[in-house]
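Now for the letters of each chain:
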Amino acid sequence: MEQDTRLKVALIGNPNCGKSTLFNVLTGLNQSTANFPGATVDKKTGSAKINSTSVEFIDLPGAYSLNAKSPDEKIAVEILQDKNNSDYPDLTIYVADASNLKRSLFLATQIIDSKIPMLIALNMMDVVDKRGMEINFEMLSEKLGVKIIPISAREERGIEELKQALFSDTKIPKEIFSEQQLAGKNDSQQTIERYRLITEIISDCLKFKSKPEEDIFSSRTDKILTHKIWGYAIFLFILFLIFESIFVIASYPMQWIESSFTFSSQWGAAHLPKGEFSDLLMNGVLAGLSGIVVFIPQIALLFFFISILEDTGYMARVSFIMDRAMRKFGLNGRSVIPLLSGVACAVPAIMGTRTISNWKERLITIMVTPLMSCSARLPVYTLLIALVVPAKKVFGFFNMQGIMLMLLYLIGFFAAIGSAFAMKYFIKSKERSFFIMELPPYRSPRWKNIGLAIIDRVKVFLFDAGKVIIAISIILWALASHAPADSFQKIEKKYTDYSYRGDYSDAEINNKIASEKLETSYAGILGKFIEPVIKPLGFDWKVGIALVTSFAAREVFVGTMATIYSVGDANNSHSIREKMRAEKNPDTLKPKYSFAVGLSLMLFYAFAMQCMSTLAVVYRETKKLKWPVIQFFYMGALAYLASFVVYNFFK
Amino acid sequence: MKNGKAIKNTLAHLRKGEKAIIDSFTDVEVSLKLLEMGCLPGEMIQVKNIAPLGDPIAITVAGYTLGLRKSEASAVIIRRTR
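Residues numbered from 1 in each chain as written. Chains lettered and ligands numbered in written order. Predicted model: local features only at pLDDT ≥ 70, side-chain atom pairs only at ≥ 80, totals over all residues. Heavy atoms only, no water.

> I would appreciate a short explanation of the overall build of chain B in the present structure.
Counting its secondary structure elements, chain B contains 2 helices and 5 strands. Across chain B, helices and strands are ordered from the amino to the carboxyl terminus as β-α-β-β-β-α-β. Compactness check: chain B gives a C-alpha radius of gyration of 12 Å against a globular reference of 12 Å for 82 residues, within 12% of the reference. Seen through its C-alpha atoms, chain B measures out along the principal axes to roughly 30 × 25 × 20 Å. Out of the 82 residues in chain B, the part that is buried amounts to 50%. In chain B, the proportion of contacts linking residues at least 24 apart, taken out of those at least 6 apart, comes to 58%. Counting only carbon and sulfur atoms, one obtains 53% of the accessible surface of chain B, whose full area is about 3,800 Å². Looking at chain B, you have 13 positive and 8 negative side-chain charges, and the mean spots of the two groups are 12 Å apart. (Helix = DSSP H or I, 4+ residues; strand = E, 2+ residues; numbered from the N terminus. Rg over C-alpha atoms; globule rule 2.2 N^0.38 Å. Buried < 20%, exposed > 50% of the residue type's maximum accessible area, 1.4 Å probe, protein only. Contact = heavy atoms within 4.5 Å. Areas by Shrake-Rupley, 256 points an atom, 1.4 Å probe, with all protein chains shown as cover. Lys, Arg positive; Asp, Glu negative; His and termini not counted. Charge placed at Lys NZ, Arg CZ, Asp CG, Glu CD.)

> Explain the packing of helix α24 (residues 541–550) of chain A against helix α27 (residues 595–607) of chain A to me, please; I cannot follow it from the model alone.
Relative placement of two packed helices is described by the angle separating their axes and the distance separating the axes. Residue and element names in this part refer to chain A. Put simply, α24 and α27 touch, their axes get as near as 12 Å, and they point 15 degrees apart. With respect to their mutual orientation, α24 and α27 come out roughly parallel. When the axes of α24 and α27 are compared, the crossing they make is right-handed. Across the interface between the two elements, Val543, Ala546, Leu547 and Ser550 of α24 pack against Leu601, Phe604 and Tyr605 of α27. When its residues are assigned to classes, the contact of α24 with α27 shows 6 nonpolar, 1 polar and no charged. (Axes fitted to C-alpha atoms, helices over the stretch in contact; angles between N-to-C directions. Parallel < 35°, antiparallel > 145°, perpendicular 65-115°, else oblique. Left-handed = near helix turned anticlockwise from the far one by under 90°. Nonpolar A, V, L, I, M, F, W, Y, C, P; charged D, E, K, R; others polar.)

> Help me out: how do you make sense of the pattern of salt bridges in this one?
Any two side chains of opposite charge can pair, given that their charged atoms come close. Residue and element names in this part refer to chain A. As enumerated under the stated definition, the model contains 18 salt bridges over all chains in all. A salt bridge links Lys143 to Asp204, with the shortest nitrogen-to-oxygen separation between them at 2.6 Å. With Lys143 in helix α5 (residues 137–144) and Asp204 in helix α8 (residues 187–205), the pair connects residues that are 61 residues apart, well separated along the chain. A relative accessible area of 38% places Lys143 in the partly exposed class. (Salt bridge = Lys/Arg side-chain N within 4 Å of Asp/Glu carboxyl O.)

> Even after reading the chapter, I still don't get the interface of chain A and chain B, so can you show me in this structure?
Note: interface size is frequently given as the accessible area lost on complex formation between the parts. Contact residues are listed per partner, giving 36 residues for chain A and 32 residues for chain B. Overall, the association of chain A and chain B removes approximately 3,100 Å² of surface from exposure, summing both partners, and the carbon and sulfur fraction of that is 59%. On the chain A side of the contact with chain B, Phe320, Phe434 and Ile436 of chain A bury the most area, a combined 21% of that side's loss. Applying the counting criterion to the chain A and chain B interface returns 3 salt bridges. (Buried area = accessible area lost by both parts, 1.4 Å probe.)

> I would appreciate a short explanation of the packing of α5 of chain A against α8 of chain A in the present structure.
Residue and element names in this part refer to chain A. Close contact between α5 and α8 brings their axes to 9 Å; oriented N to C, the two are set at 155 degrees. Accordingly, the angle class assigned to the pair α5 and α8 is roughly antiparallel. Like other packed secondary-structure pairs, α5 and α8 cross with a definite hand, here right-handed. On the side of α5, the interface is formed by Met139, Leu140, Lys143 and Leu144, while α8 contributes Ile201, Asp204 and Cys205.

> I keep staring at unusual backbone geometry and nothing clicks. Help me out?
Trans is the prevailing form of peptide bonds, just as negative phi is the prevailing case for residues other than glycine. In the segment running from Asp55 of chain B into Pro56 of chain B, the intervening peptide bond is cis, with an omega of -5 degrees. Mapped onto the secondary structure, Pro56 of chain B falls in the loop between β2 (44–50) and β3 (57–61). Phi is positive for Asn16 of chain A, which is not a glycine, with a value near 65 degrees. For Asn16 of chain A, the position within the fold is in the loop between β1 (5–13) and α1 (19–27). The class of Asn16 of chain A is partly exposed, set by a relative accessible area of 34%. Positioned with a positive phi, Ala62 of chain B is a non-glycine residue whose angle comes to about 45 degrees. Its place among the elements puts Ala62 of chain B in the loop between β3 and β4 (64–68).

> What exactly am I supposed to notice about a positive patch on the surface here?
On the surface, a cluster of positive charge is contributed by Arg220, Lys223 and Lys228 of chain A together with Lys16 of chain B. In this fold, Lys223 of chain A is placed in helix α9 (residues 216–225). (Patch = residues over 30% accessible without salt bridge, like charges linked within 9 Å, V, L, I, M, F, W, Y side chains within 5 Å.)

> Sorry, what's going on with the side chain of Ser521 of chain A here?
Its place among the elements puts Ser521 of chain A in the loop between α22 (506–520) and α23 (522–534). In contact with Ser521 of chain A, other than residues within four places in its own chain, are Leu479, Ala480, His482, Ala483 and Phe488 of chain A.

> In this structure, what is going on with the pairing of strand β1 (residues 19–25) of chain B? I would like to understand it.
The side chains of a regular strand alternate between the sheet's two faces. Residue and element names in this part refer to chain B. Sheet topology note: the β1/β2 ladder contains 3 bridges and is antiparallel. In the strand pairing of β2, Ile21 is matched with Met44. Bridge count between β1 and strand β5 (residues 76–80): 5 bridges; the pairing is antiparallel. By the bridge assignment, Ala20 is partnered in β5 with Arg80. (Pairing = 2+ DSSP bridges.)

> Would you take a moment to explain the nonpolar core for this structure?
Among the nonpolar cores identified, the biggest contains 108 residues, and Phe235, Val368, Leu384, Phe539, Phe557, Met602 and Phe607 of chain A are the most heavily contacted of them. For this core, the leading source of residues is α27 of chain A, giving 10 residues. Formed by 71 residues, the second largest nonpolar core is a distinct cluster that contains Met118, Val146 and Ile148 of chain A together with Leu68 of chain B. (Core = buried A, V, L, I, M, F, W, Y, C linked by side-chain atoms within 4.5 Å.)

> What should I look at first to understand the sheet that holds β4 of chain B in this one?
Strand pairing in a sheet relies on backbone hydrogen bonds, with the paired strands running either antiparallel or parallel. Pairing is antiparallel across the open sheet formed by 6 strands, whose spatial order is β12(A)-β4(B)-β3(B)-β2(B)-β1(B)-β5(B). The two strands at the open ends of the sheet, each matched to only one other strand, are β12 (437–438) of chain A together with β5 of chain B. Strands β1, β4 and β5 of chain B of the sheet are contacted by helix α1 (residues 28–36) of chain B, whose axis makes an angle of about 130 degrees with β1 of chain B.

> Hey, could you run me through helix α17 (residues 377–388) of chain A in this one?
All names here are of chain A. When the terminal C-alpha atoms of α17 are compared, their 16 Å separation across 12 residues agrees well with the 16 Å that a helix rising 1.5 Å per residue should span. With 9 of its 12 residues buried, α17 lies for the most part within the structure. Every buried residue of α17 is accounted for by Arg377, Val380, Tyr381, Leu383, Leu384, Ile385, Ala386, Leu387 and Val388. (Expected span 1.5 Å × (residues − 1).)

> So what exactly am I meant to see when it comes to the environment of Asn648 of chain A here?
Here Asn648 of chain A shows up in helix α29 (residues 626–650). Within the local environment of Asn648 of chain A, its side chain forms a polar contact with the backbone oxygen of Phe644 of chain A, the two atoms lying 2.8 Å apart. (Polar contact = N/O pair within 3.5 Å; in protein donor to acceptor, adjacent residues only side chain to side chain.)

> Help me out: how do you make sense of a nonpolar patch on the surface in this one?
Taken together, the side chains of Phe395, Phe398, Ile403, Met406, Leu407, Leu410, Ile411 and Phe414 of chain A define a hydrophobic patch exposed on the protein surface, amounting to about 790 Å² of accessible area. As for its placement among the helices and strands, Ile403 of chain A is situated in helix α18 (residues 400–426).

> Got a minute to help me understand the packing of aromatic side chains in this structure?
Note on aromatic pairs: each is described by the distance of the centres and the angle between the planes. Residues and elements named next belong to chain A. Inspection of every chain in the model, using the stated rule, returns 11 aromatic pairs over all chains. With centroids separated by 6.0 Å and ring planes inclined at 90 degrees, the aromatic side chains of Phe539 and Phe604 adopt a geometry described as edge-to-face. Here Phe604 lies in helix α27 and Phe539 lies in the loop between α23 and α24, a separation of 65 residues in the sequence. The burial state of Phe539 is the same as that of Phe604; both residues are buried. Geometrically, the ring pair formed by Phe595 and Phe650 is edge-to-face, given 5.2 Å between the ring centres and 85 degrees between the ring planes. You can see Phe595 sitting in helix α27 and its partner Phe650 sitting in helix α29, a full 55 residues away along the chain. (Phe/Tyr/Trp six-rings, centres within 6.5 Å; stacked < 30°, edge-to-face > 60°.)

So, in structure tokens, the structure goes:
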């Protein structure tokens, strides 16, 4: 497509072969992530200028074989076997793990037989040296009929040679197995044939200078990290550290971001000409933008930790020790991390489900992750708990409010697990569930990979989810700042009349105006419109507006309640609380926010899918409108039912 | 180790630390996956680790560590070695 691309190079290899490290070394920051046409699988491309030629590198998903059945692996197969595919490469670099030569060469021989010009980058030479292995490259190269360049992507050794070889040493290799040779043999038999030949080739080319040593470090580390007590204890402790730092560390940049947005909107209010357009820019676009940007520190941090766990090989062990328990709920060992990341934010958590290769298990994980109580629910919980749960101590030291908060988190977790269990029976899949996974040796993290992974994830969130969030924010702005006919003018006119002003200050008057305007706006009308539906849950139209605005993001609840109860400072939750506490039910003359109403509202927020960003990401990850829609309704139904039951029980 | 015990000769029955040689497979889909990962008939394997809940298990094969479920392991017929 691009005019200046002269050479299209595909990178392929087994998972954990160091392919991504090599890709990062070759392309640096010049990479972008999109989707392969018609698939949910990520397509990473990057470019580099080598010998004044633009080279486009495509990082194909890791695969063990071309008979592949998982969606990731299928992509690689489709591209390499279809000359008309727009991603069909001019040549391929096969990245082989030299320390695991036999298995690496299996896919290599299959690719050799698909007759694409190729060369082999024999990676992990640093490990080979350490293990006292000696590989006769010339002989191996001759036997396979492919040029072999020994490299170490981690130590950036042999990269220049590899780059130069792209221009001189690639040719279509002679097939190792002809079609006639394989005719009549099934996949298993072919696999055995290939391995037989590979074993033969390797026995000539690979020598051990010393006896191959067992990876003692990995074995010892495994003893602790997969121990029946320590394994889980350490895992919980690591989780605890991650969530703590996500809350604590991320709160600083989040505050800076919020204050710079506040500054911008204040500046805008002072300097921009008053009018519809400025209002849209400030309260629609800017407000929406801040709602996205403010999550970036959490997303970046979460991916920082997840990448480290993944890169060191620890994640594979977590999956290993959790698989049995997760399987009961239609999930996979690999579902654990996304599920628990959901406590911070469902958006990066859902993006993290890609490590699950089975589509059904991945889908269930995506569908239930938003039930985990995320950080956006925290301000809502805090406000409501303070309102309806007394700050009494039980058993001398447990604070009731703290217990309530913990219960809400637990309820979220059990709802997620329970829903997964139910979905197991509804989501059909022909795919069988497997847990056949390599447990790679422990390694120190490659910081460059981690840095690039964070940048990549943030970019995806910012641009893909961002578009949707901005659009919804603008719609919400339009609904909240417009009203039928001239009702806004009437309100403003009313307050110019001094008899209405009483002893109120100007700020209070402005709040009253804002509050009345909201009531008559389209959002207010919507609130009144849905009031009959939410009345059985104990909510009135004011809560209704907050529910509507909360569909962009849950934390909007507090701000909306603040506006509705005409409290000046949205961050001053104390006064919102007081106002809400003072509110009486017109029929019973008892406080409107009783324990029943408060609990009902909390459960509604715990279960309902009120997050545009998450829905956008679910759409992006599943590539079907169906899934975010189902998610929205099943979580909504759960929320409605739970609220209805507790409200009527405690009423 | 007479015929009566033949049914117990699968990878799923090995204890931690035990070594064996892969003999054959009883499940086509599982076998293909395992073959591609280098678990070939005649290959020496060793049970390196068993997850705390008894499942999955980790084996060393062809110089690396592979995790797999008991249900998958039971499709692998093995020959025990000394």
